[in-house]
Amino acid sequence: MNYLTIAPGAGRIAAFVAILGSMPPPRSPLSRLFTVLLAGVLAGLVLAVAALPGNLLLGYAAKSAIGSYAVLPEALRTPITPQRSYLYANDGKTLITTFYDVNRTDVPLAEIAPVLRQAIVAAEDRRFYSHGGADLRGLARALAANVTGGGTEQGGSTLTMQYVRNVLKTDPNRTAEERQAATEQTVGRKLQEIRYATALEQRLSKDEILNGYLNIAYFGSGAYGIAAASQRYFAKSPAELTLPEAALLAGLVQSPDAYSPIDGDADAALDRRGYVLDAMADTGAITAEQASAAKAEKLALSPTRQPNGCTAVAQGHDDWGFFCDYLRQWWLTQPAFGETVEEREQALRRGGYTVVTSLDPKIQATAQQQATAVYGYDNKRALPIAAVQPGTGRVLAMAVNRHYSLEDNPDGQANHPNTVNPLISGGGGVDGYQAGSTFKLFTMLAALENGKQLATGFDAPSRLPTRYAAEGEASCDGKWCPANANPQWMDGYRTMWDGFGRSVNTYFVWLAEQVGPAKVVEMAQRLGITFRADSDAAFAKDNAANWGSFTLGVAATTPLDLANAYATVAAEGTYCAPLPVVSVTAANGDRVPVGEPSCRKVLDADVARAATDAARCPVGQQTTFGQCDGGTATSVDRIVGRQVAGKTGSSEKNATETFVGFTPQVAVAGIAANPDDPGDSVGSAVQAKVIDAVARTIRTAVNGQPVRDFTPPSRELAGEVRRPAPEPSPPQQQRRQQEQNLPPDVLRWLNRGRG
């Protein structure tokens, strides 16, 4: 054999480990007797090797151990530690919730109080900065103590060895069996751990190993890593820890569950804290006086439990849960987070992402306040409201008069006051609600796109016989013949401007016939209306050409789809897929390319501008060409206080009441309905309240933003203006001024029957 002189310390340990590493590990756990005998032999070997001069160690063994980094598991080369993901509001500061399987967040060593670093070294591995990964003296002492008995079992593991063990037992790329094997009490596993530790020290600095250890160690009560532990026990960052706090946390890692002052034995935790403080004094990290003073301090905990998932959003904000759930569903569709749904779910719970969402706390607060002002939490009826940013599709608010909670409801109350069903966004069995005349927008857009002008006129009758077969009240000799809700106010010669403003059913059914219902259905789908109800999807696919009633909003939709469709018009024809995030940052600081809007042009800008011009009539404003003559939601102009457009919608027998409004900066939709019973009509009386709720949400959204006006449409799309809208007479002006100060109930009476 060849001999090689090597330095004492790390090299000596490496050589010894290489010798032991060449021994085949046992194929199965040893019996207790054999383990004791072998442990005695190993103890002798350790003592003997520790006493050998460096120049007598085998050169072959040294070379083998030093080069063993090349065969380290990938997890030790690039540790993948499960970390929790954080969800913030769009300000990047307001925490919505976190997701985790393991409550852990990595922090750099510079952000950990020096006193904590000193405490963990004193408590777990006093010779950490002098050994080479495996401490021969510690191993000998532990092995001898375990063989002779008579005291507490000792492990002899250095911080580096503990780090190796923690990494291997939490590596998500290993099987459950492999992770379990990383903690088996076998000689073979221990030898492997020693070899990995000595090899790791050839590659990483002591501070890098200590930092990794502090980020992966378990501190009890569900807290993995020092950042989670500092928050769990003291509600502070690891940089802010005091000496008594640091000593307490450092003492937990030996037996986290037993020593935890929250879930375990508080007295034992204090005793262990005292041990750590004495150890720190022995190592010179602190003085004996400092140790005594710290021991005298009472246990001062400030327990905080990190929220986990959408049902654990910030206290007092359980309404955020509906947005959180929408974001989670969106996340599970993104290939950037994994090839399968399961991988994407795991990424959210273990990947340590920082997600800045699109949720605007101020807009959300107003929308929630307005929704609950219309219907209380315990009301069987609901007012889901959604707000979307035109040009990006970012979802700014999702509110409804429900608690996002898994708590039980009283008997007979399926979805109130608690539910986790997506009442605002749809899916998961929620098809949506009929939005009534808000769908007339799609008819107008299809007509404008196919050569019609805003000035297109028709003498709208009270009832309009059509070519579509029908039965029941809406049938005239076997054909569908819809009627105007308020003939006295709606009948007569109409254009798109005042037909939309007064919501004239027969005008828009006629207009849909002119361009073909199939084009109207296609227009709605182009703007993001999704048919979640099987019957709607089948009709759209197989019989759209005969779906004459589509223009009256008989298909189910959701506030989110509706708001986004109108946001497309506000963005002058640019459709953007609904997006719940602003940015997503991985644990390593890299931006994940999923926060950018996904947009495409679906309408000619002039077509969108023309539809917007007509949509100013319902809300009490005037068009570029002065053609508005009456509206169904005239109070909106007063509430918003800047250029705004929108449309009301009442479904058959007032089963639902809807309003959607928009400016160039925001689109908001609200639908009053009974989610559990479509046959429970909300009634016309609630329409003014829905209008008011949506308008006030818009006002909050644009407050503080620059005033932006709509771009007027071309004269070509407007067409020949046959008659200018008359100037308001003095009585009309007086009435408008009076309306500005009227309560919603009175405004509802004034606007009764207007559609």
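Residues numbered from 1 in each chain as written. Predicted model: local features only at pLDDT ≥ 70, side-chain atom pairs only at ≥ 80, totals over all residues. Heavy atoms only, no water.

Q: I tried to follow the confidence of the model for the protein on my own but got confused; where do I start?
A: Note that predicted coordinates carrying low pLDDT should not be read in detail. For the protein, mean pLDDT is 85; residues scoring 70 or higher make up 83% of the total. Low pLDDT, under 50, characterises residues 1–39; the predicted model gives this stretch 68 contacts beyond four residues in sequence or across chains. Low pLDDT, under 50, characterises residues 746–754; the predicted model gives this stretch 25 contacts beyond four residues in sequence or across chains. (pLDDT = per-residue confidence, 0-100. Contact = heavy atoms within 4.5 Å.)

Q: What exactly am I supposed to notice about the nonpolar core here?
A: Judged by nonpolar contacts, the single largest core of 110 residues is most densely connected at F442 and M444. Here M444 is in contact with L454, M496, F500, F508, L511, A611 and A614, once residues within four sequence places are set aside. In this structure, A134, Y163, I286 and A291 belong to the second largest nonpolar core, which totals 61 residues. (Core = buried A, V, L, I, M, F, W, Y, C linked by side-chain atoms within 4.5 Å. Buried < 20%, exposed > 50% of the residue type's maximum accessible area, 1.4 Å probe, protein only.)

Q: Which parts of the structure should I look at to understand the packing of helix α19 (residues 440–449) against helix α23 (residues 517–526)?
A: Packed helices, taken two at a time, are described by the angle their axes make and the gap between the axes. At a minimum axis distance of 8 Å, the contact between α19 and α23 shows a crossing angle of 110°. Accordingly, the angle class assigned to the pair α19 and α23 is roughly perpendicular. Between α19, through F442, T443, L445, A446 and E449, and α23, the contact on the second element is made entirely by K519, V520, M523, A524 and R526. A class-by-class count of the residues in the contact of α19 with α23 yields 6 nonpolar, 1 polar and 3 charged. (Axes fitted to C-alpha atoms, helices over the stretch in contact; angles between N-to-C directions. Helix = DSSP H or I, 4+ residues; strand = E, 2+ residues; numbered from the N terminus. Parallel < 35°, antiparallel > 145°, perpendicular 65-115°, else oblique. Nonpolar A, V, L, I, M, F, W, Y, C, P; charged D, E, K, R; others polar.)

Q: For this particular structure, what's the right way to read the pairing of strand β3 (residues 354–357)?
A: Inspection of the sheet shows strand β1 (residues 85–88) paired to β3 by 3 bridges, in the parallel sense. Counterpart to Y88 in the pairing with β3 is V356. Across 4 bridges, β3 lies against strand β15 (residues 581–585) in antiparallel orientation. Across the sheet, residue T357 finds its bridge partner in β15, namely V581. (Pairing = 2+ DSSP bridges.)

Q: Hey, could you run me through the pattern of salt bridges in this one?
A: Note on pairing: side chains with opposite charge can pair once their charged atoms come close. Under the criterion given, the structure shown has 19 salt bridges. Here D498 and R494 are joined by a salt bridge, their closest N and O atoms 3.2 Å apart. D498 sits in the buried class, given a relative accessible area of 1%. We classify R494 as buried; its relative accessible area is 8%. (Salt bridge = Lys/Arg side-chain N within 4 Å of Asp/Glu carboxyl O.)

Q: Would you mind showing me how to read unusual backbone geometry here?
A: Excluding glycine, residues mostly carry a negative phi; peptide bonds, for their part, are mostly trans. Following H416, the chain continues into P417 via a peptide bond in cis, with omega recorded as 5°. Among the secondary structure elements, P417 is positioned in the loop between β6 (403–404) and β7 (418–419).

Q: How should I be thinking about the pairing of strand β18 (residues 657–662) in this particular structure?
A: Along any regular strand, the residues point their side chains to alternate faces of the sheet. The buried count for β18 comes to 6 of 6 residues, which makes it a mostly enclosed element. Side chains E657, F659 and G661 project from β18 onto one buried face, and the interleaved T658, V660 and F662 project onto a second face that is buried too. Adjacent in sequence and paired antiparallel, strand β17 (residues 645–650) and β18 are bridged by 6 residues, among which K653 carries a positive phi angle near 60°. Note: β18 against strand β19 (residues 667–672), 6 bridges, orientation antiparallel. By the bridge assignment for β19, G661 is matched with V668. Between β18 and β19, which pair antiparallel and follow one another directly, the connecting turn spans 4 residues.

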